[in-house]
Amino acid sequence: MRKFQYKFFVLLSILTLGCQQKTKQKESATTATSLSDLTPTSDSLTIDLVALQKQGRLKNTIIVTVDNDPVYHSKKRYHAISLPQLLDTYSKIKQLQIDEYQIVFECEDGYKPMMPLQKIVSARSFLAISDLDAPEGELWSKIIKDGREMKAAPFYLIYEGISPTDTDFKWPYNLIKIHLVPTIENSSLISPKDDEEAKIGFALFDKNCISCHAINKIGGSMGPELNYPKSVTEYWDQEQLKKFIKNPASFRNGVKMPTISNLTEKKIESIVYYLDYMANHKQQKSE
């Protein structure tokens, strides 16, 4: 009887120990998975902001006040995260020569403004997560632009100490991704090298148009690609094209393209000259 009790006790101990080890292994695996999910990834040239938010990585915000917000045209307060800190944590920016890169902001609606990376990291730039002045129960106030209601969500790029009239700084809202792109990669495909008038037109296009329109698949997608596979100058009369750039609403009802008041006829001619030049310099950007 005692032998039987002893054997039963030994068997029970072995079974209990095995269950405890399996439980500990399961707990360890769960803990490892959780830590892995929370570990920053800093080896990328692209930051998917929506994915980071879903993973709960965009919670440590501060309150940032913009005295003269160029989108809402008023003083605004936001919950926000330092953009340079975000880049340090979730991109390979520390491995880059930042003066050789551009930062591209990709918005949900196809708007895609670009800036020199060095300029953005030297500024007090922030990624706004929510609007402190929004109506109760909402994350964002509505944006009304040219009589249309626009969406600020999910994110909005803001600054402290930057004048809203400084066009070198972009304020994209409806932001979903951030890309770091070698400057030479873009410039080699869209920048003229052997025509001074085309260079003037490119500078104007780069400042006023490329956030919405692409050339050789570089630029925004809110408006149509203007060079690949066919240049807009190959299927549109150039005089009509100049008139359209000057006043888009006179051609199309409900057109999204704004009238840009600082574009004189001479500047518009330079832009169209650049577009015509690029018709002979098609080169598709690889995906």
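Everything below is about the structure printed above this text.
Residues numbered from 1 in each chain as written. Predicted model: local features only at pLDDT ≥ 70, side-chain atom pairs only at ≥ 80, totals over all residues. Heavy atoms only, no water.

1. Section: the sheet that holds strand β4 (residues 101-107)
Whenever strands of a sheet pair, they do so through backbone hydrogen bonds, lying parallel or antiparallel. The following threshold applies: Strand pairing is assigned whenever DSSP identifies at least 2 bridges connecting the two strands. Only DSSP runs of H or I with at least four residues qualify as helices, and only runs of E with at least two residues qualify as strands; both kinds are numbered from the N terminus onward. Here, axes are lines fitted to C-alpha atoms. For helices the fit covers the stretch in contact, and angles between N-to-C directions go from 0 to 180 degrees. Here, residues are in contact when the closest pair of their heavy atoms is within 4.5 Å.
Spatially, β1-β10-β4-β5 is the arrangement adopted by the four strands of the open sheet, whose pairing is antiparallel. Among the strands making up the open sheet, the edge pair consists of β1 (46-48) and β5 (114-116). Adjacent strand axes in the sheet meet at a mean angle of 20 degrees when their direction is disregarded. As defined by bridge partners, β4 adjoins strand β10 (residues 175-182) across seven bridges and the pair is classed as antiparallel. Residue pairing in the sheet places Cys107 in a bridge with Leu175 of β10. Seen against the sheet, helix α3 (residues 83-90) touches β1, β4 and β10 and runs at an angle of roughly 70 degrees to β10. Relative to β10, helix α5 (residues 183-190) is tilted by about 85 degrees, and along the sheet it contacts β4, β5 and β10.

2. Some thoughts on the packing of helix α8 (residues 238-246) against helix α9 (residues 265-278)
Put simply, the rule is: Throughout, the term roughly parallel applies to angles under 35 degrees, roughly antiparallel to angles over 145, roughly perpendicular to angles from 65 to 115, and oblique to all others. Handedness of a crossing is defined here by the sense of rotation of the near helix relative to the far one, left-handed for an anticlockwise turn of less than a right angle and right-handed for a clockwise turn. Under the scheme applied, nonpolar residues are Ala, Val, Leu, Ile, Met, Phe, Trp, Tyr, Cys and Pro; charged residues are Asp, Glu, Lys and Arg; polar residues are all the others, including Gly.
Packing of α8 against α9 leaves a shortest axis separation of 10 Å and a crossing angle of 125 degrees. As judged from the angle between their axes, α8 and α9 are oblique. Remark: the crossing between α8 and α9 carries right-handed chirality. Contact residues: Gln238, Leu241, Lys242, Ile245 and Lys246 in α8; Glu265, Ile268, Glu269, Val272, Leu275 and Asp276 in α9. Considering only residue class, the contact of α8 with α9 consists of five nonpolar, one polar and five charged.

3. Here's the deal with the packing of aromatic side chains
Applied cut-off: Pairs were defined over the aromatic rings of Phe, Tyr and Trp, the Trp ring being its six-membered one, requiring ring centres within 6.5 Å. Orientation was assigned from the angle between planes: stacked under 30 degrees, edge-to-face over 60, tilted for the rest. For each residue, the accessible area found with a 1.4 Å probe, counting protein chains only, is set against the maximum for its type, and the residue is called buried under 20%, exposed over 50%, and partly exposed in between.
For the coordinates displayed, the defined rule picks out 10 aromatic pairs. Residues Tyr159 and Trp171 carry aromatic rings whose centres are separated by 4.9 Å and whose planes lie at 70 degrees to one another, so their mutual orientation is edge-to-face. In this pair, Tyr159 is assigned in strand β9 (residues 156-160) and Trp171 in the loop between β9 and β10, connecting sequence segments 12 residues apart. For the pair Tyr159 and Trp171, a shared accessibility class is recorded, and that class is buried.

4. Some words on the environment of Lys75
By the element assignment, Lys75 lies in strand β3 (residues 74-82). Assessed through its relative accessible area of 57%, Lys75 is described here as exposed. Residues Lys75 and Asp133, 58 residues apart in the sequence, show an inter-C-alpha distance of 9.6 Å.

5. Here we look at the nonpolar core
Selection rule: We define the nonpolar core as a collection of buried residues of types Ala, Val, Leu, Ile, Met, Phe, Trp, Tyr and Cys that are connected through side-chain atoms lying within 4.5 Å of one another.
Among the nonpolar cores identified, the biggest contains 44 residues, and Tyr156 and Ile158 are the most heavily contacted of them. For Tyr156, the residues in contact, after removing those within four places along its chain, are Asp69, Pro70, Val71, Tyr72, Tyr78, Phe126, Leu127, Ala128, Trp140, Trp171, Pro172 and Tyr173. Among the nonpolar cores identified, the runner-up in size contains 25 residues, and Met114, Phe202, Ile218 and Ile245 belong to it.

6. With respect to α5
In plain terms, the rule: This arc is built from the directions going out from the helix axis to the C-beta atoms.
Every buried residue of α5 is accounted for by Asn186, Leu189 and Ile190. All buried residues of α5 project into a common sector of 85 degrees when viewed along the axis, lining one side.

7. Observations concerning the sheet that holds β3
Spatially, β2-β3-β6-β9 is the arrangement adopted by the four strands of the open sheet, whose pairing is antiparallel. Strands with a single pairing partner mark the edges of an open sheet, and in this sheet they are β2 (62-69) and β9. Strand after strand, the sheet turns through a mean of 55 degrees between neighbouring axes, direction not considered. Where strand β6 (residues 124-131) lies against β9, five bridges are found, and the strand directions are antiparallel. In the sheet register, Phe126 faces β9, and the bridge partner there is Ile158.

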